[in-house]
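Survey of secondary and tertiary structure
Read off the chains here:
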Amino acid sequence: MKNKILVVGGAGYIGSHMAKMLACDKQDVVILDNLSTDFRHLAKYGELIVGDLNDTHCLENLFSTHAFNGIIHFAANSLVGESMTNPAKYYRNNVSGTLNLLDVMLRHNVKNLIFSSTAATFGEPEYTPIDEKHPQNPINTYGTSKLMVEKILQDYVTAYGLNSVCLRYFNACGADPEGELGECHDPETHLIPLILQAASGKRKAITVFGRDYPTEDGTCIRDYIHR
Ligand SMILES: NC(=O)c1ccc[n+]([C@@H]2O[C@H](COP(=O)([O-])OP(=O)(O)OC[C@H]3O[C@@H](n4cnc5c(N)ncnc54)[C@H](O)[C@@H]3O)[C@@H](O)[C@H]2O)c1
C-alpha cells in the first residue's frame, strides 16, 4: 500500500535518510523544512515544501492540499550548549512548533506521528545500559524540551486518540551507503564527524574531555546508533 508521509525536518541529517528510505520503498514523501540549517541539497527525495512549524498558515495550507497517512517529525534545534544559553529558542521551536503541528494534525484528522526524541531525556545514567524504564531527568534545556513533547504526546494519546511513538536516539552516526547523503551540521558538534575532520586535516585536533570515568583508560563511553 502506498502511504503519503510528511517528513518534517527532512532536509536534515536523519530526516533526509528517512525520506530516501521511504521514497525507495515507493511511498509518497513530502518534506517540510524551513532550511534553517541550509542543507536544501539533502532534501532530494519527495516534494520539498519550504516552511516553518511555527507558521500555522503554512501548515494549514499543507494539510489542506495533502491527505497524509502519517507524520515523521525530525525538526528541532539540537545544540545542547545553545539550549542552555538560549532556552527560549528551544522551547519555542521544539515544544511550541510541535504543538502547532499537533493542532493542525488533529484538525485534519491525521492521527499517526513518529516523534524524534532523544537519549538526552534520560540525563545522567543511573545504570547502564539505559533501558526504556530508566528515569528521565534531563540535565539540559534541549533534553527538557524533548521530554515536554513526550509528556504532551502521552496526554494527546489519551485525550484525542493520537497514535504516537517517541524514538529516544543516542548519537546517530553513519551515512547513506550510496554516498548521496551524510551527516552534516554547521557548526559540527558530533564526535564522529569531528574525528573524521581531524583525520582528514580539516581541523587541527579533537579533544576528548574527561579522564576520571570508571573505564579502563579513564575516558568516557558514549552510545551510538548506526543507520
Ligand atoms: N543526530 C543525532 O545524533 C540525534 C540524536 C538524538 C536525537 N536527535 C533528534 O533527531 C532529529 C533529527 O536530528 P538531525 O541530526 O537530523 O538534525 P538536523 O539539524 O540535521 O535536522 C533538523 C532539520 O529540521 C529543520 N527544522 C528545524 N526547525 C524547524 C522548524 N521550526 N520548521 C521546519 N523545519 C525545521 C532544520 O532546517 C533541519 O533540516 C532532531 O529532532 C534531533 O533532536 C538527533
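Everything in this summary refers to the structure shown in the same document. Since the structure is predicted, the reported quantities are computational estimates derived from the model, not experimental observations.

A short note on the site of the ligand
What surrounds the ligand is a group of 29 residues, the closest being Ile14, Asp33, Asn93, Tyr142 and Lys146. At 3.2 Å, a backbone N or O of Gly12 approaches an oxygen atom of the ligand. Protein chains bury 97% of the 820 Å² of accessible surface belonging to the ligand in isolation. Those elements giving two or more residues to the shell around the ligand turn out to be helix H1 (13–24), strand E5 (112–118), helix H5 (141–160) and strand E7 (171–173).

Points about the environment of Thr158
Tracing the chain through its elements places Thr158 in helix H5. On a C-alpha basis, the gap between Thr158 and Ile206 in space is 46 Å, while along the polypeptide they are 48 residues apart. Separated by 3.1 Å, the side chain of Thr158 and the backbone oxygen of Gln154 make a polar contact.

As for H5
With 20 residues, H5 should cover 28 Å at 1.5 Å per step; its first-to-last C-alpha distance of 27 Å lies within 8% of that length. Considered for burial, the residues of H5 that qualify are Thr141, Tyr142, Gly143, Ser145, Lys146, Leu147, Val149, Glu150, Ile152, Leu153 and Tyr156. Where the residues of H5 are buried, they touch helix H3 (80–85), helix H4 (87–107), E5 and strand E6 (163–169). Within two residues after H5, Gly161 carries a phi angle of roughly 70 degrees, on the positive side.

Observations regarding the sheet that holds strand E1 (residues 4–8)
The strand order across the open sheet formed by 6 strands is E3-E2-E1-E4-E5-E6, and the pairing between neighbours is parallel. Each of the sheet's edge strands pairs with one partner strand only, and the pair in question is strand E3 (47–50) and E6. Direction aside, the axes of adjacent strands within the sheet are offset by 20 degrees on average. For strand E2 (residues 28–33) and E3, the ladder comprises 4 bridges, and the chain directions are parallel. Bridge pairing in E3 links Asp33 to Val50.

With respect to helix H6 (residues 191–199)
Turn by turn, an α-helix covers 3.6 residues, leaving residues three or four places apart pointing in a common direction. Of the positions making up H6, those classed as buried are Pro193, Leu194 and Ala198. Taken end-on, H6 shows its buried residues confined to a sector of 140 degrees, consistent with a single buried face. H6 presents Leu196 and Ala199 as exposed residues on the side facing more than 90 degrees away from its buried surface. Gly201 lies just past H6 and shows a positive phi near 80 degrees.

Points about the packing of aromatic side chains
The relation between two aromatic rings is expressed through the spacing of the ring centres and the mutual angle of the planes. According to the stated counting rule, one finds 2 aromatic pairs in the structure shown. Seen from their ring centres, Tyr156 and Tyr160 are 4.9 Å apart, and the 85 degrees between their planes marks the pair as edge-to-face. Taken together, the residues Tyr156 and Tyr160, both in helix H5 and 4 residues apart, mark about one turn of the helix. Its relative accessible area of 14% is what places Tyr156 among the buried residues.

Re the pairing of E5
Burial runs high along E5: 5 of the 7 residues are buried. Inspection of the sheet shows strand E4 (residues 70–73) paired to E5 by 3 bridges, in the parallel sense. Bridge assignment links His73 to a residue of E5, and that residue is Phe115. Note that E5 and E6 share 7 bridges and pair parallel. In the strand pairing of E6, Ile114 is matched with Val165. After leaving E5, the chain enters H5 and then returns to the sheet as E6, a path that is right-handed.

Details of a nonpolar patch on the surface
A cluster of nonpolar side chains, namely Leu191, Ile192, Ile195, Leu196, Ile206 and Val208, defines an oily patch on the protein surface of about 460 Å² accessible area. Residue position: Ile192 is located in helix H6. Taking the relative accessible area as the measure of exposure, Ile192 reaches 32% and is therefore partly exposed.

Regarding the nonpolar core
One recurring pattern in soluble globular proteins is that nonpolar side chains are buried together. One finds Leu6, Phe63, Ile71 and Met105 to be the most contacted residues of the largest nonpolar core, which totals 24 residues. Listed by contribution, the elements that provide at least two residues to this core are E1, E2, helix H2 (56–65), H4, E5 and H5. When residues in this core are grouped by element, the largest group, 5 residues, is from H4. Not counting chain neighbours up to four residues away, the residues in contact with Leu6 comprise Val30, Ile31, Leu32, Leu62, Phe63, Phe68, Gly70, Ile71 and Ile72.

Cut-off values and rules
Residues numbered from 1 in each chain as written. Predicted model: local features only at pLDDT ≥ 70, side-chain atom pairs only at ≥ 80, totals over all residues. Heavy atoms only, no water. Near = heavy atom within 4 Å. Polar contact = N/O pair within 3.5 Å; in protein donor to acceptor, adjacent residues only side chain to side chain. Areas by Shrake-Rupley, 256 points an atom, 1.4 Å probe, with all protein chains shown as cover. Helix = DSSP H or I, 4+ residues; strand = E, 2+ residues; numbered from the N terminus. Expected span 1.5 Å × (residues − 1). Buried < 20%, exposed > 50% of the residue type's maximum accessible area, 1.4 Å probe, protein only. Contact = heavy atoms within 4.5 Å. Pairing = 2+ DSSP bridges. Axes fitted to C-alpha atoms, helices over the stretch in contact; angles between N-to-C directions. Arc of directions from axis to C-beta. Phe/Tyr/Trp six-rings, centres within 6.5 Å; stacked < 30°, edge-to-face > 60°. Right-handed = clockwise from strand over helix to strand, strands pointing away. Patch = residues over 30% accessible without salt bridge, like charges linked within 9 Å, V, L, I, M, F, W, Y side chains within 5 Å. Salt bridge = Lys/Arg side-chain N within 4 Å of Asp/Glu carboxyl O. Core = buried A, V, L, I, M, F, W, Y, C linked by side-chain atoms within 4.5 Å.

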